[in-house]
Amino acid sequence: MIHKYQYKDQYIVMDINSGAVHVVNELIFDILDQYESTEKAAIPGLLSDKFPEEEIREALEDIEYLVENGMLYTDDSQVTIDMLEGRGAVIKAMCLHAAHDCNMTCKYCFGDKGAFEGVRSLLSLETGKKAIDFLLEHSGSRRNLEIDFFGGEPLMNFEVVKSLVDYGREAEKVYGKNIRFTITTNGLLLDDDKADYINENMDNVILSIDGRPEVNDNMRRTCNDKGTYDIITKNYLRFVEKRKGTYYVRGTFTRENLDFSEDVRHLVDKGFKNVSVEPVVTDLSVGYALQDEDAETLFQEYDKLTDLYLEYAKEGKKFEFFHFNVDLNQGPCVVKRVSGCGAGTEYVAVSPEGDIYPCHQFVGNPDFKLGNLYDGNFENKWYDKFNQAHIYNKEKCRDCWAKFYCSGGCHANAYHMNHDILEPYSLGCELEKKRIECAIAIKAVLSCEE
């Protein structure tokens, strides 16, 4: 399987199963339209009105070389059932909900403004310790583990967060493990003391902000209905100035700001060098929900964002956009490429009450509760379903050119939009394919300029 497309004057061909990407000339690009369906001897005659016959024959030889050397029209025979479903019930990452409470009331919040369809609560130190012990005990031979402090707003329970980092650093020694701590915050409480601690102890930080002041304050407001942009921007800029580790400012775009490339531009111009702005996924009946008819507008925005990325790179103002980070040299292992995030298999979320779920977007849904830290008996009843939710068991993914890049998409989005984790969210698929094309086009342009 191949996928070919054009970005301005770049002709790009992707070999899906090998992962090879080729920047070709227009002649080879056109030949590939005929290559599999036409006798090779007949191809020169079909294109002779556009290209010299000798050049066509030379191009055919180049294509044959790529095919013979496993760089074009390869199959996927290297993917085995063991790769797809043989990972084993080992947990390596946890979303630990430090707070089911929040000091903001974001309109699009999937977590019920922090309460996750339950009572507002804070994680206790005892429950947090049990969660860390649970991860260590269920991590098998995995040495590198991850805990993301999440909410609600985790900075509302920051003393417990700090105590749990200390506990984790001691507990990991007993098991011979290494825990990578991360945190996600809305920034309202990010003062200098918290910022210094996070910079010292968190491997990655997600800073939530939607972009331009009017866009952010339309969606992200305080509990007394005031805008948050001025406060959080000041806190974030002070934070990233000191930040030595990884961070991303992370926004959400909705139908009320389809021109989201301008929000990325705004954030970069403010001084943020690592940006992620992602599409809202919500009930289609709400006014800010993205609709299928928005797709073309959004494709154009990703094109604008691609142009912005290249423009700023040329001017020496390079920034990172999360969805444009594609590793063409090695990339993730096969298991990661066919199954994605590992929700329900390698990844779990834990609520302040100690309830265990496949991921943070299922928290509060009793159908997906996997157990409780205080029960002593953890049985992942959803393990087989999630383990088998890979690209070869999803009808829409099986023959999709983007399958090894998106890994079948988000299980939670599939469930929330289609009530089936095997049925991907269609608009999300189309946007992901567009992002992949843009990401590879950027690499093609930059490599040709080197």
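This write-up is about the structure you can find in this document. Note that this is a predicted model, so its numbers are computed, not measured.

Brief notes about the overall build of the protein chain
In terms of regular secondary structure, the protein chain is built from 17 helices and 15 strands. Relative to its length of 450 residues, the protein chain is compact, with a C-alpha radius of gyration of 24 Å against a globular reference of 22 Å. Its C-alpha atoms give the protein chain principal-axis dimensions of about 75 × 45 × 45 Å. Split into buried and exposed, the 450 residues of the protein chain put 53% on the buried side. Long-range contacts, defined here as pairs at least 24 residues apart, represent 70% of the contacts in the protein chain between residues at least 6 apart. As displayed, the protein chain has an accessible area near 20400 Å², and 46% of this comes from carbon and sulfur atoms. Distance between charge centroids for the protein chain: 6 Å, based on 51 positive and 79 negative side chains.

Topic: the pairing of strand 8 (residues 178-185)
Two faces make up the sheet, and in a regular strand the side chains alternate between them. When you tally the buried positions in strand 8, you get six out of eight residues, the bulk of the element. Looking at chain direction, strand 7 (residues 144-150) and strand 8 are connected through six bridges and run parallel. Across the sheet, Leu-145 pairs through a bridge with Ile-179, a residue of strand 8. Here strand 8 runs beside strand 9 (residues 204-208); their pairing, made up of four bridges, is parallel. Each residue of the ladder has a partner; that of Thr-185, found in strand 9, is Leu-207.

So, the side chain of Asp-210
Along the polypeptide, Asp-210 turns up in the loop between strand 9 and helix 8 (213-219). Reaching out from Asp-210, the side chain makes a polar contact with the side chain of Tyr-108 at a distance of 2.7 Å. For Asp-210, the contacting residues outside a window of four places in its chain are Tyr-108, Val-215, Asn-216, Met-219, Arg-220, Gly-251, Thr-252 and Asp-263.

Things to note about the pairing of strand 11 (residues 274-279)
Along strand 11, six of the six residues are buried, which leaves the element largely enclosed by surrounding structure. For strand 10 (residues 246-253) and strand 11, the ladder comprises five bridges, and the chain directions are parallel. Looking at strand 11, one finds that Gly-251 is bridged to Val-277. The parallel pair strand 10 and strand 11, bridged by helix 10 (residues 261-270), forms a crossover whose chirality is right-handed.

A short note on the packing of aromatic side chains
Here the structure, examined in full by the defined rule, presents 19 aromatic pairs. Ring centres 5.7 Å apart and planes at 5° place the aromatic pair Phe-149 and Phe-181 in the stacked group. Of this pair, Phe-149 sits in strand 7 while Phe-181 sits in strand 8; the two residues are 32 residues apart in sequence, bridging distant segments of the chain. The two residues Phe-149 and Phe-181 agree in class, both being buried. Summarising the aromatic geometry, the rings of Tyr-248 and Phe-322 are spaced 5.5 Å apart at their centres and angled 85° between planes, so their arrangement reads as edge-to-face. Of this pair, Tyr-248 sits in strand 10 while Phe-322 is found in the loop between strand 12 (320-321) and helix 12 (334-339), placing the two residues 74 residues apart along the sequence.

Criteria and thresholds
- Residues numbered from 1 in each chain as written.
- Predicted model: local features only at pLDDT ≥ 70, side-chain atom pairs only at ≥ 80, totals over all residues.
- Heavy atoms only, no water.
- Helix = DSSP H or I, 4+ residues; strand = E, 2+ residues; numbered from the N terminus.
- Rg over C-alpha atoms; globule rule 2.2 N^0.38 Å.
- Buried < 20%, exposed > 50% of the residue type's maximum accessible area, 1.4 Å probe, protein only.
- Contact = heavy atoms within 4.5 Å.
- Areas by Shrake-Rupley, 256 points an atom, 1.4 Å probe, with all protein chains shown as cover.
- Lys, Arg positive; Asp, Glu negative; His and termini not counted.
- Charge placed at Lys NZ, Arg CZ, Asp CG, Glu CD.
- Pairing = 2+ DSSP bridges.
- Polar contact = N/O pair within 3.5 Å; in protein donor to acceptor, adjacent residues only side chain to side chain.
- Right-handed = clockwise from strand over helix to strand, strands pointing away.
- Phe/Tyr/Trp six-rings, centres within 6.5 Å; stacked < 30°, edge-to-face > 60°.

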